[in-house]
Amino acid sequence: MTLWDGRFNQKPDELVAKFSESISFDQRLYAHDIRGSIAHVSMLGRCRIIPEEDAKCIINELNNIRCEIESGTFQFDERYEDIHMNIENALLDRLGDTGAKIHTARSRNDQVATDTRLYIRDEIDQISGLLIHLKSSLVGVAEKYSHVIMPGFTHLQHAQPVLFSHHLLAYVEMLHRDGCRLTDCRKRLNQLPLGSGALAGTSLPINREVVASELKFDSITQNSMDAVSDRDYIIEFLSAASIIMVHMSRLSEDIIYWVSQECSFVELSDTFCTGSSLMPQKKNPDVAELTRGKTGRVYGNLLSVLTMMKGLPLCYNRDMQEDKEPLFDTIDTIKLILSVYSPMIKNIRVDESIMKNAASDPFLMATDLAEWLVSKNVPFRTAHKKVGSLVGYCQAKDISPDTLNLRQLKDLIPECNEDCFSLFDPEKSIASRNVTGATSGEQVRKQIEFWKTELDVNY
Ligand code: ARG
């Protein structure tokens, strides 16, 4: 028995049933499907489209079905394709003609769009919470090590000294924008598609506003063909998730580098690492590596939905069932990564002296000298050239610029005086970069305070 028996003379081929089912993965939408159905049916009752008694009876049975699914006693059946038909069939079995009234003024096309919007909305709320957790962990570590100095990199070359806390807070900024992107996506998807029917709406006198407010949608969709056709809200979510993953992957790469023997800035807690089955000394940063690796599948999920959608004529096409596995996989992957990352970050240990040592190479203060020359009225380009030749001179002689005496220094850059020698101190270099957003202790402290209040409010 299928729900479209009326039109067909033959049962579907068993292989076709296997090929086209989605119940094996879309059963995770059960709670949202039931929630949508309850709102729909209670509206049908209130609008006198079906008797209120029948509506009550259906709602009661939908609640029973939810309990059975949650306790694991509900039997899902591949022959009923998807979550929508599995639940509807159970109602038919149990309530007969009354159960047959649930699908009044509704199609699976507007139903699935409603379910996935409700589902993504809830998942966005959870992911936003996990992002806040991770940001708090990063801010906590930034505060704990707020004085620690490290070399900042460009091109993976030591560039200028920075505070380690400044580096961590860079990721807090990124993750904050990621949260904002999810909030934007949530706002745009928070419209009720139900009432769009298969594509053209319905002739029955439904009240879409009531359903929307019951389901906490901000508004209702204005074009039934658009409402059942588009999956841009899924694509937008998958894009926001992919951007989260760029950030998580770059953070992972930084961590993998920091814990390498060459660098040794940071140590991860044993509980977040694994060993090698062969080399007894190994301690590998697997969580960071897997995060970097899983970034590929999250991008892939975005690409697969974009590609699946691009050639589809309006309105609904069965291809669109293929939106679910990429969506679910991205949600699972992101939630797992954010959950494991937060405690891993909280438990990192930092080797202050190795980091400071790496940042103390006087060549890293070359820009400080050029900027000092600017304060003596040397045009920056000229200052850059002069310091460049000082660096070249020192490198050719394999000496460090702070070991020159004043006469040697003046021979190379006549504007120099005694004060120049104090420029080769990384602490001073950092303290001097005190414009808003820069790495000085004062600026970074302000940022730490800002994030602590911001995250407290959002917690
Ligand atoms: N399982 C289907 C999907 O996910 C539900 C919508 C089916 N609609 C249809 N006309 N066959 O897309």
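Residues numbered from 1 in each chain as written. Predicted model: local features only at pLDDT ≥ 70, side-chain atom pairs only at ≥ 80, totals over all residues. Heavy atoms only, no water.

A. Inspection of helix 10 (residues 232-258) at higher detail. Given a rise of 1.5 Å per residue, 27 residues ought to cover 39 Å, and the 39 Å separating the end C-alpha atoms of helix 10 matches this to within 8%. Within helix 10, 19 of the 27 residues are buried, which leaves the element mostly enclosed by the surrounding structure. (Helix = DSSP H or I, 4+ residues; strand = E, 2+ residues; numbered from the N terminus. Expected span 1.5 Å × (residues − 1). Buried < 20%, exposed > 50% of the residue type's maximum accessible area, 1.4 Å probe, protein only.)

B. Representation of the site of the ligand within the structure. Taken together, S22, D82, H84, R108, N109, V112, Y316, Q321 and K324 make up all the residues around the ligand. Within the side chain of R108, one N or O atom sits 3.3 Å away from a nitrogen atom of the ligand. In the environment of the ligand, a nitrogen atom lies 2.9 Å from a nitrogen or oxygen atom belonging to the side chain of N109. In the complex, the protein chains occlude 87% of the 340 Å² of accessible area that the ligand would expose alone. No other element matches helix 6 (residues 108-144), which puts 3 residues into the shell around the ligand. In terms of residue class, the shell around the ligand is made up of 2 nonpolar, 4 polar and 3 charged. (Near = heavy atom within 4 Å. Polar contact = N/O pair within 3.5 Å; in protein donor to acceptor, adjacent residues only side chain to side chain. Areas by Shrake-Rupley, 256 points an atom, 1.4 Å probe, with all protein chains shown as cover. Nonpolar A, V, L, I, M, F, W, Y, C, P; charged D, E, K, R; others polar.)

C. Highlighting the packing of aromatic side chains. For the coordinates displayed, the defined rule picks out 6 aromatic pairs. An angle of 80 degrees between the planes, with centres 5.7 Å apart, marks the rings of F153 and Y257 as edge-to-face. Of this pair, F153 sits in strand 1 (residues 149-154) while Y257 is found in helix 10, placing the two residues 104 residues apart along the sequence. By relative accessible area, which is 22% here, F153 ends up partly exposed. Residue Y257 is classed as partly exposed on the basis of its relative accessible area, which comes to 25%. With 5.4 Å between their ring centres and 65 degrees between their planes, F164 and W258 make a pair best called edge-to-face. In this pair, F164 sits in helix 7 (residues 164-189) while W258 sits in helix 10, placing the two residues 94 residues apart along the sequence. A relative accessible area of 0% places F164 in the buried class. Look at W258 and you get buried, because its relative accessible area is 2%. Linked through ring pairs, Y145, F164 and W258 together constitute an aromatic cluster. (Phe/Tyr/Trp six-rings, centres within 6.5 Å; stacked < 30°, edge-to-face > 60°.)

D. Fine view of the side chain of D82. Counting through the fold element by element, D82 comes out in the loop between helix 4 (52-71) and helix 5 (83-95). Residue classification places D82 among the buried residues on the basis of a relative accessible area of 4%. Within polar-contact distance, the side chain of D82 engages the side chain of R108 at 2.7 Å. Setting aside chain neighbours within four positions, we find D82 in contact with S22, I23, D26 and R108. (Contact = heavy atoms within 4.5 Å.)

E. The pattern of salt bridges, seen in detail. Counted under the stated rule, the structure contains 28 salt bridges. Ionic pairing is found between E52 and R48, a salt bridge with its closest N-O pair at 3.0 Å. On the basis of relative accessible area, E52 is assigned to the partly exposed category, the value being 36%. With a shortest N-O distance of 3.2 Å, R318 and E81 are connected by a salt bridge. Here R318, found in the loop between helix 11 (286-309) and helix 12 (324-346), pairs with E81, found in the loop between helix 4 and helix 5; they are 237 residues apart in sequence, far enough to count as distant. Overall, E81 belongs to the buried group, its relative accessible area being 8%. Several salt bridges converge on common partners, so that one network encompasses E81, D82, R108 and R318. (Salt bridge = Lys/Arg side-chain N within 4 Å of Asp/Glu carboxyl O.)

F. View of unusual backbone geometry. Note the cis peptide between L314 and C315, where omega equals 0 degrees. Structurally, C315 is set in the loop between helix 11 and helix 12. Its identity as a non-glycine residue notwithstanding, E81 has a phi of 55 degrees, on the positive side.

G. Structural context of the pairing of strand 1. Note: strand 1 against strand 2 (residues 157-163), 6 bridges, orientation antiparallel. Looking at the pairing, M150 lines up with V162 of strand 2. Between strand 1 and the antiparallel strand that follows it, strand 2, lie 2 residues; H155 among them carries a positive phi value of about 55 degrees. (Pairing = 2+ DSSP bridges.)

H. Structural view of the packing of helix 3 (residues 30-46) against helix 5. The interhelical angle for the contact between helix 3 and helix 5, taken along N-to-C directions, is 60 degrees, at an axis separation of 10 Å. Taken together, the axis directions place helix 3 and helix 5 in an arrangement best described as oblique. The hand of the helix 3/helix 5 crossing is right-handed. Contacts from Y30, D33 and I34 in helix 3 reach I83, H84 and I87 in helix 5. For the contact of helix 3 with helix 5, a count of residues per class yields 4 nonpolar, 1 polar and 1 charged. (Axes fitted to C-alpha atoms, helices over the stretch in contact; angles between N-to-C directions. Parallel < 35°, antiparallel > 145°, perpendicular 65-115°, else oblique. Left-handed = near helix turned anticlockwise from the far one by under 90°.)

Any link to function would need more than the numbers given here.
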